[in-house]
Each structure stands twice: as C-alpha cells, then as structure tokens.
Amino acid sequence: MAQNLYGPRVRIGNWNEDVYLEEEIMKDFLAKRDKGQLLIQRNRRLKENLLRPMQLSVSEDGYIHYGDKVMLVSPDHPETEADLFLPGDLSLCMTPDEIKAHLSNELEVPCGLSAAQTKIPVGRNTFTILCAAGEVIGQVLRYGQNFRLGITGGFDDRMLYLSSDHRTLLKSSKRSWLQEVFLTHEDSYLNCWQAAFLHPQLRLEYEGSPVPANTKILITHCHTNRGLVAHRHLSLRTYFGQEAEVAAHTYLDSHRVEKPKNHWMLVTGAPRKDLSTMLDLPKPPAEDTRALEQEREQVSDPGARSTPDARGCVPQCTLPM
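About the cut-offs
Residues numbered from 1 in each chain as written. Predicted model: local features only at pLDDT ≥ 70, side-chain atom pairs only at ≥ 80, totals over all residues. Heavy atoms only, no water. Helix = DSSP H or I, 4+ residues; strand = E, 2+ residues; numbered from the N terminus. Buried < 20%, exposed > 50% of the residue type's maximum accessible area, 1.4 Å probe, protein only. Contact = heavy atoms within 4.5 Å. Areas by Shrake-Rupley, 256 points an atom, 1.4 Å probe, with all protein chains shown as cover. Pairing = 2+ DSSP bridges. Phe/Tyr/Trp six-rings, centres within 6.5 Å; stacked < 30°, edge-to-face > 60°. Lys NZ or Arg CZ within 6 Å of the ring centre and 35° of its normal. Core = buried A, V, L, I, M, F, W, Y, C linked by side-chain atoms within 4.5 Å. Salt bridge = Lys/Arg side-chain N within 4 Å of Asp/Glu carboxyl O. Polar contact = N/O pair within 3.5 Å; in protein donor to acceptor, adjacent residues only side chain to side chain.

1. Some words on the overall build of the chain
Right, so step 1: Along its length, the chain carries 4 helices and 12 strands.
Right, so step 2: Buried residues in the chain amount to 40% of all 321 residues.
Right, so step 3: Considering only residue pairs separated by 6 or more positions, the chain has 65% of its internal contacts joining residues 24 or more positions apart.
Right, so step 4: Surface accessibility of the chain: about 19,600 Å² in total, with carbon and sulfur atoms responsible for 53%.

Right under this line is the structure:
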C-alpha cells in the first residue's frame, strides 16, 4: 500500500505554502494560549468556578433569613421503589450540559440541576435566599412567604434563579418525564417558591411562622403548586459523574402525606471554624444511649452507686416488725 512520505522538508510541490501554513497555525495557537482561549483552558476555568469553596451563612437565631447562603439538602431515607439508588444526603447542584461545558467557559442558560452526594459548600450547590416581593435583606423567612433561590456558580457577575414551569411535550425532565426544574437568568413569577411545614395537620397553624434552619420542610413551586423532589433511583450522567435527577412533583402516600423524597433542608454554616455545615456537627446521644452509658459507668465504678435513682444500687432498709 502506497504511503505519502513527503512533508514540507521535501522540497517538491507546494512545500513553501505548507511551511507558511504551519507557521500561521502555530501563531494562532500561541495567541489563543496567551489569551486563555484554548478549549482545555476554558474547560478548566469553568470547573474551577463551579468547585470553588463557598462560605455558608451562620444562623444565630436558628431561622432562615433573606440574603442567607444555604445548601438545599435532601435528607437520607431508604428508597423502597427501587433496588439501586443514591444513598446519603443529597445536595441540589447546578449541572451544566456535559458537551457544552467542554466547549465554553460560560454557564449555559437555561442550566440543568441534579442532586449529588456532597456536603461541602461549593459554587455549584450554594444558593442565596432572595426576596420576591419587597422583603428586606435580613428579614426572617416565614412559611407561606414567596422567596427565590439564586446561585452564582462561582462567578461574581452572574446570578441564575431556580425556576420551573408546566410540563409540555417538548419540555420535561430527562428520566421521569415530569415537570422540569432549571436555572435561568430571567426574573419572573416562575422563580417563586414557598416553604411549607412538614406535617399537613399542623400546616395551617404554622402559616406565617419563621422557617427554621437545618430542619425538614417542603419546598413548593408557586406557579404550578408542585413540590421539589429528588429522584434517587433515576441517575444522570453529568459533567461531575453519576448524580440523581431533580424535578417538580408532589408524591403522596395513602394518608395524603408527602413522601420523604419531597423533604428538603435549608442547611446553614456551622459556627465552628473546623466544620463547613451544620450537618457536620456531631449528633447528641439519644436518651437510651445515655442510660446505657450511665449503667456502664456504674458497673465500672462501684463507688458511684450512691444515688437512690440507680437501679439495684441502694440496699433496701429492713423495717421493724
């Protein structure tokens, strides 16, 4: 089989044009490299911004306020509808298209969302509680009050809003074909959400009460009245690996109560410097665990058996007949 062994160094044909063409290609490559316009440079810059460490707001009174930076976390719960699912706490994350992320250093609009197994606040999962209708920054967020969720994705000059709209034949979630949730830069009523109390029998009584931080709540879309949900059993191949799908749909059980897949927490930062979020704080021991530890201490230290509350520690007094 004949092979073309000729190159620009072989002075035949249009060798001069080939030399000039290689020089122009090299000059264009060096110019783009100096300006940071190469594909690998733009891809690296986008990924660095999305994974940039962020600082969450610390709640001093235990409530959520307008202007707070929080993480939206779906608490861990067993999935009974499928054998394969993502366990653990899942945080709501910005998820750009994998192909578009390799071709551009800017965030696409609209941008997708997913739920990932990460508890570290970064640019892609840190949201800001924004006002919807004349509220003041620093004011306490209350149940039944409209609010918006904005995210910058690690960029200082961009703000995208968590939005949703009715499902159509051309617009729906990728795996479940339910109502889609996305990020957009347009400010409209499609960005408005509400927080609802977890138990439906007490929901009206808690209307207007402050929304506590790091507590299970329901997040409902105002325009469609659909709840934000994380589908742990429906995985998506994203730019950052396998993650769970996020949509807008309310799942009810036989008692007309929202299922755990609709539960969310607005997680704030921890007051300790060595911890990132309140999820990293050690949980206090349960009452039965404390009782067990107390019994172990009494067995190991017989001298501690001097309190009348200890079971079998104080001998009974013999009463005179």
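2. What to know about the pairing of strand β2 (residues 90-95)
Successive side chains on a regular strand alternate, one facing one side of the sheet and the next facing the other.
Right, so step 1: Most of β2 sits inside the fold, with 6 of its 6 residues counted as buried.
Right, so step 2: The two faces of β2 match: L90, L92 and M94 on one face and S91, C93 and T95 on the other face are all buried.
Right, so step 3: The pairing of strand β1 (residues 69-74) with β2 spans 2 bridges and is antiparallel. Paired with V73 across the bridge in β2 is S91.
Right, so step 4: Judged from the 5 bridges that link them, β2 and strand β3 (residues 112-116) form a sheet pairing that is antiparallel. Directly across from S91, in β3, lies its bridge partner A116.

3. Re the packing of aromatic side chains
Right, so step 1: Throughout the structure, instances matching the rule amount to 4 aromatic pairs.
Right, so step 2: When the ring of Y143 is compared with that of Y206, the centres are 6.5 Å apart and the planes differ by 85°; the resulting orientation is edge-to-face. In this pair, Y143 is assigned in the loop between β4 (127-131) and β5 (147-151) and Y206 in the loop between β8 (193-196) and β9 (216-221), connecting sequence segments 63 residues apart.
Right, so step 3: Y143 sits in the buried class, given a relative accessible area of 5%.
Right, so step 4: Between the aromatic rings of F197 and Y206, the centroid separation amounts to 3.9 Å while the plane-to-plane angle is 5°, which identifies the pairing as stacked.
Right, so step 5: A residue is classified by how much of its surface remains accessible, and F197, at 15% relative accessible area, is buried.
Right, so step 6: Directly above the ring of Y239 sits K47, whose terminal nitrogen or CZ lies 5.9 Å from the centroid.
Right, so step 7: Note that R124 overlies the ring of F240, its terminal NZ or CZ placed 4.0 Å from the centroid.

4. A short note on the nonpolar core
Right, so step 1: L72, L92, L183 and L228 are the most contacted members of the largest nonpolar core, which totals 41 residues.
Right, so step 2: Excluding residues that lie within four positions of it along the chain, L92 makes contacts with L72, L113, S114, R124, N125, F127, L162, L228, V246 and W264.
Right, so step 3: Residues L56, M71, V73 and V267 belong to the second largest nonpolar core, which totals 5 residues.

5. Looking at the pattern of salt bridges
Right, so step 1: For the structure on display, the rule yields 9 salt bridges.
Right, so step 2: In this structure, R124 and E243 form a salt bridge, with 3.2 Å as the shortest nitrogen-oxygen distance. With R124 in the loop between β3 and β4 and E243 in strand β11 (residues 241-248), the pair connects residues that are 119 residues apart, well separated along the chain.
Right, so step 3: R124 gets classed as buried once you look at its relative accessible area, which sits at 4%.
Right, so step 4: Among the salt bridges present, the one from R203 reaches E258, with a minimum N-O distance of 3.1 Å. Placement of R203 in the loop between β8 and β9 and of E258 in the loop between β11 and β12 (263-267) is noted, with a sequence separation of 55 residues between them. Here R203 and E258 have matching classes, each one buried.

6. Observations concerning the pairing of β5
Right, so step 1: Judged by how many residues are buried, β5 sits mostly within the fold: 5 of 5 residues are covered.
Right, so step 2: When β4 meets β5, the two strands line up antiparallel, connected through 4 bridges. When the bridges of β5 are listed, T128 appears paired with G150.
Right, so step 3: The pairing of β5 with strand β6 (residues 160-164) spans 2 bridges and is classified as antiparallel. Residue pairing in the sheet places I151 in a bridge with L160 of β6.

7. Quick look at the side chain of E258
Right, so step 1: For E258, a relative accessible area of 14% gives the class buried.
Right, so step 2: One polar contact links E258 to R203, side chain to side chain, over a distance of 3.1 Å.
Right, so step 3: Not counting residues up to four positions away in its chain, the partners in contact with E258 are L198, R203, L218, T250, Y251, L252 and H263.

Without other data, these values stay purely geometric and don't point to any function.
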